[in-house]
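Secondary and tertiary structure notes
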Amino acid sequence: MAFFAAILHMEKPEMNQEYRQAHLDYLQELVEQDKVHLKGPFVDGLGGMVVYKADSLEEAQKLAQEDPYVKEGVRRLELHEWGI
């Protein structure tokens, strides 16, 4: 198991509220599956970060790309394996 930091850069702030609940619901499902280590918004309003737990970069990419914020283009995904 490895950790992957998904930085979600704000791209379309005008659409953020529209997809917020779907984003939160999606992450809650992953928390319940023990696939999310940490998550939260940046205090400056420019996005947020999710730390996924996955067996591979490919698995982490799949999880991150299914986030409604990413799928709808509200946030731009930047994903890195994190050595914590």
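Residues numbered from 1 in each chain as written. Predicted model: local features only at pLDDT ≥ 70, side-chain atom pairs only at ≥ 80, totals over all residues. Heavy atoms only, no water.

As recorded by an unreviewed UniProt entry, the chain carries the name YCII-related domain-containing protein and is attributed to Fictibacillus arsenicus. Checking UniProt for the chain, the heading Sequence similarities (unreviewed entry) contains the comment "Belongs to the YciI family." (UniProt positions renumbered as here; feature names shortened; annotations may be inferred.)

1. Some points on the environment of M10
Among the secondary structure elements, M10 is positioned in strand 1 (residues 2–10). Placed 64 residues apart in sequence, M10 and V74 show a C-alpha to C-alpha distance of 6.5 Å. Filtering out sequence-adjacent residues up to four positions away, M10 remains in contact with N16, G45, L46, G47, V74 and R75. (Helix = DSSP H or I, 4+ residues; strand = E, 2+ residues; numbered from the N terminus. Contact = heavy atoms within 4.5 Å.)

2. Focus on the pairing of strand 1
With eight of nine residues buried, strand 1 lies mostly within the body of the structure. Pairing of strand 1 with strand 3 (residues 47–54) involves eight bridges; the strand directions are antiparallel. Across the sheet, residue I7 finds its bridge partner in strand 3, namely M49. In this sheet, strand 4 (residues 75–82) lies alongside strand 1 in antiparallel orientation, the contact comprising eight bridges. Its bridge partner lying in strand 4, F4 is registered against E81. (Buried < 20%, exposed > 50% of the residue type's maximum accessible area, 1.4 Å probe, protein only. Pairing = 2+ DSSP bridges.)

3. Considering the environment of G48
You can see G48 is positioned in strand 3. A relative accessible area of 3% means that G48 is categorised as buried. Residues G48 and E32, spaced 16 residues apart in sequence, show a C-alpha to C-alpha distance of 20 Å. If we skip the residues at most four places from it in the chain, G48 touches A6, I7, L8, G40, P41, F42 and R75.

4. Things to note about the UniProt feature "domain: YCII-related" (unreviewed entry) in the chain
UniProt feature "domain: YCII-related" (unreviewed entry): in the numbering of this structure it lies at residues 6–82. Strand forms 35% of residues 6–82 and helix 39%; the C-alpha atoms that close the span are 10 Å apart.

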